[in-house]
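# Fold and contact review
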Amino acid sequence: MLVLVAPGQGAQTPGFLTPWLDLPGAADRVAAWSDAIGLDLAHYGTKADADEIRDTAVAQPLLVAAGLLSAGALGPSSAFGAVAGHSVGEFTAAAYAGVLSDADALSLVRTRGLAMAEAAAVTETGMAAVLGGDRDVVVAHLEALGLTPANINGAGQIVAAGTTEQISALVAEKPEGSTKVVALKVAGAFHTHHMTPAVATLEKAASALSPADPALKYVSNRDGLVVATGADVVARLVGQVANPVRWDLCMETFAELGVTGIIELCPGGTLTGLAKRALKGVPNVALKTPDDLDKAAALIAEQTV
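To keep things clear, this report deals only with the structure shown in the data block. Since we're looking at a predicted model, the values are computed, not measured.

## Some thoughts on unusual backbone geometry
A cis amide bond, omega -5 degrees, links cysteine 266 with the succeeding residue proline 267. Inspection of the secondary structure puts proline 267 in the loop between strand S9 (261–264) and helix H12 (270–278). Phi is positive for alanine 155, close to 55 degrees, though the residue is something other than glycine. Its place among the elements puts alanine 155 in the loop between strand S4 (148–154) and strand S5 (157–163). Residue alanine 155 is classed as partly exposed on the basis of its relative accessible area, which comes to 28%. Backbone geometry places histidine 191, a non-glycine residue, at a positive phi of 60 degrees.

What follows is the structure, given as structure tokens:
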């Protein structure tokens, strides 16, 4: 069973969208999306620097647009048995699964990015990845510092979120057994109570949508459960803004479903990296540029014979 996964914020790099715009029809699709949400996605994906695309209000729709472009180049969703997204990647996953149209996913994620940027401006906050160590020991250490384990990613990685002072304290005193603490280039303490103001904004925007039920298994990053209805998917998209991401549980579900291959949408690399450690032996392809599409097609062909 093939699983399609979509990365979250922090995966973007300057110019990463450039080669994808050369695909047939891609530039026109991006131009139409840009007009619809009032953001020049082509500019930010090709010419903007690292600081510009670090802006939450820019990064989130840019990542979903890139994910949708690369997903469209893979062909029909019938090749995949399940889909999941990490954080904002869930919007890409929801569109691929047919829960939302591409236009609705991008409109909703634009609202999300703006609301989260506004919430992040209230207090100076950030995130840091803790590598290694026992999960329970790491979580207890974070909570003792007042931090939230915002992303429990599995494969020995937990992302902490909180105020800059709390992050600094973590860097100065890493948990027992962990090997490294790496500050992340994100603009706020996402998936924590600091983002609560954004939930109401997103809930209002989502109330105008008419979601369809997923056309393939949709694995939620809230708890790793397979979600059967479009209404539940959208409710989870709204709530996850202020709740932790449990990617470790998603990978456990992939294993239970019998995963035999993973393809990560653009800008790929983060989630396949985790899978290599947590789902050893499962072949995977990360879509970084269109050059990777041939490898993805070969994996799909192997899995569908």
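Having seen it, we continue.
## Some thoughts on the nonpolar core
Counting 77 residues, the largest nonpolar core has Leu74, Phe80, Leu100, Tyr218, Ile263 and Leu287 as the members making the most contacts within it. Not counting residues within four places of it along the chain, the set of residues in contact with isoleucine 263 comprises Val3, Leu4, Val5, Leu74, Phe80, Val285, Leu287, Ala296, Leu299 and Ile300. Residues Val5, Trp247, Leu271 and Leu274 belong to the second largest nonpolar core, which totals 17 residues.

## Thoughts on the sheet that holds strand S8 (residues 226–227)
Adjacent strands of a sheet form backbone hydrogen bonds with each other and so pair up, either parallel or antiparallel. One open sheet accounts for six strands, arranged S8-S7-S2-S1-S9-S10; its pairing is mixed. Pairing within the sheet leaves two strands with one partner each, and these edge strands are S8 and strand S10 (284–286). Pairing of strand S1 (residues 2–6) with strand S2 (residues 82–85), which is carried by four bridges, proceeds in the parallel orientation. Residue pairing in the sheet places valine 5 in a bridge with alanine 84 of S2. Packed on one face of the sheet, helix H11 (residues 247–257) meets S1, S2, strand S7 (217–219) and S8 and runs near 150 degrees to S7.

## Points about the packing of helix H4 (residues 56–72) against helix H5 (residues 89–96)
Direction vectors running N to C along H4 and H5 enclose 35 degrees, while the axes themselves pass 9 Å from each other. The crossing of H4 and H5 is right-handed. Contacts between H4 and H5 involve Leu63, Val64, Gly67, Leu68 and Ala71 from the former and Phe91, Thr92, Ala95 and Tyr96 from the latter. For the contact of H4 with H5, a count of residues per class yields seven nonpolar, two polar and no charged.

## Regarding the pattern of salt bridges
Per the counting criterion, the structure on display carries eight salt bridges. Ionic pairing is found between arginine 135 and aspartate 136, a salt bridge with its closest N-O pair at 3.9 Å. A relative accessible area of 40% places arginine 135 in the partly exposed class. The exposure class assigned to aspartate 136 is exposed, which follows from its relative accessible area of 53%. Here arginine 222 ties to aspartate 223 by a salt bridge, and the two come within 3.9 Å at their closest N and O atoms.

Basis of the calculations
Residues numbered from 1 in each chain as written. Predicted model: local features only at pLDDT ≥ 70, side-chain atom pairs only at ≥ 80, totals over all residues. Heavy atoms only, no water. Helix = DSSP H or I, 4+ residues; strand = E, 2+ residues; numbered from the N terminus. Buried < 20%, exposed > 50% of the residue type's maximum accessible area, 1.4 Å probe, protein only. Core = buried A, V, L, I, M, F, W, Y, C linked by side-chain atoms within 4.5 Å. Contact = heavy atoms within 4.5 Å. Pairing = 2+ DSSP bridges. Axes fitted to C-alpha atoms, helices over the stretch in contact; angles between N-to-C directions. Left-handed = near helix turned anticlockwise from the far one by under 90°. Nonpolar A, V, L, I, M, F, W, Y, C, P; charged D, E, K, R; others polar. Salt bridge = Lys/Arg side-chain N within 4 Å of Asp/Glu carboxyl O.

Note that all results are geometric; they support no functional claim without further evidence.
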